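Residue strings, one per chain:
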Amino acid sequence: QEYSDKLFIVITQFQKIGSLVEVKRDIAGDQPGLAPSTFTTKVLLGQDTPEIQAIARGLASGISCQKPILFGLALKDLSPSTLKSVKELVSVHVK
């Protein structure tokens, strides 16, 4: 769901919103000669673990949006293959 100031994405395997994590792009790079984008994450509600923050940061890196992104994350399977599939799905459906 896109709002005027944020993009809201819910990714769940539990049918619940889960942890709310806000991700902001710090450097709008990804162009030749510029540093790649970096992200700041902030857990607003729920589990504040390095894994949750890394997942949110990784998902945000596949989205070309300059607005902050608010993720609702409730995943039971944190395997690399699942995360890769989720990232591909998000990058295809979120423009």
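Rules of the game
Residues numbered from 1 in each chain as written. Predicted model: local features only at pLDDT ≥ 70, side-chain atom pairs only at ≥ 80, totals over all residues. Heavy atoms only, no water. pLDDT = per-residue confidence, 0-100. Helix = DSSP H or I, 4+ residues; strand = E, 2+ residues; numbered from the N terminus. Axes fitted to C-alpha atoms, helices over the stretch in contact; angles between N-to-C directions. Parallel < 35°, antiparallel > 145°, perpendicular 65-115°, else oblique. Left-handed = near helix turned anticlockwise from the far one by under 90°. Contact = heavy atoms within 4.5 Å. Nonpolar A, V, L, I, M, F, W, Y, C, P; charged D, E, K, R; others polar. Salt bridge = Lys/Arg side-chain N within 4 Å of Asp/Glu carboxyl O. Buried < 20%, exposed > 50% of the residue type's maximum accessible area, 1.4 Å probe, protein only.

Trainee: Outline the confidence of the model for the protein, listing residues and values.
Mentor: For the protein, per-residue confidence averages 89 on the pLDDT scale, and 89% of positions sit at 70 or higher. Per-element averaging of pLDDT across the protein places helix 2 (residues 80-93) at the bottom with 92 and strand 4 (residues 69-74) at the top with 97.

Trainee: Can you tell me about the packing of helix 1 (residues 50-61) against helix 2, naming the residues and giving the values?
Mentor: One can describe the packing of helix 1 onto helix 2 by two numbers: an axis separation of 9 Å at closest approach and a directional angle of 40 degrees. On the basis of the axis angle, helix 1 is oblique to helix 2. Handedness of the crossing formed by helix 1 with helix 2: right-handed. On the side of helix 1, the interface is formed by Ile55, Gly58, Leu59 and Ser61, while helix 2 contributes Leu83, Val86, Lys87 and Val90. Partitioning the contact of helix 1 with helix 2 into residue classes produces five nonpolar, two polar and one charged.

Trainee: Explain the pattern of salt bridges to me, and be specific about the residues and the numbers.
Mentor: Inspection of the entire model under this criterion finds one salt bridge. Between Glu22 and Lys6 there is a salt bridge whose closest N-O contact spans 3.3 Å. With Glu22 in strand 2 (residues 19-25) and Lys6 in the segment before strand 1 (7-12), the pair connects residues that are 16 residues apart, well separated along the chain. Classification of Glu22 as buried rests on a relative accessible area of 11%. Lys6 gets classed as partly exposed once you look at its relative accessible area, which sits at 22%.

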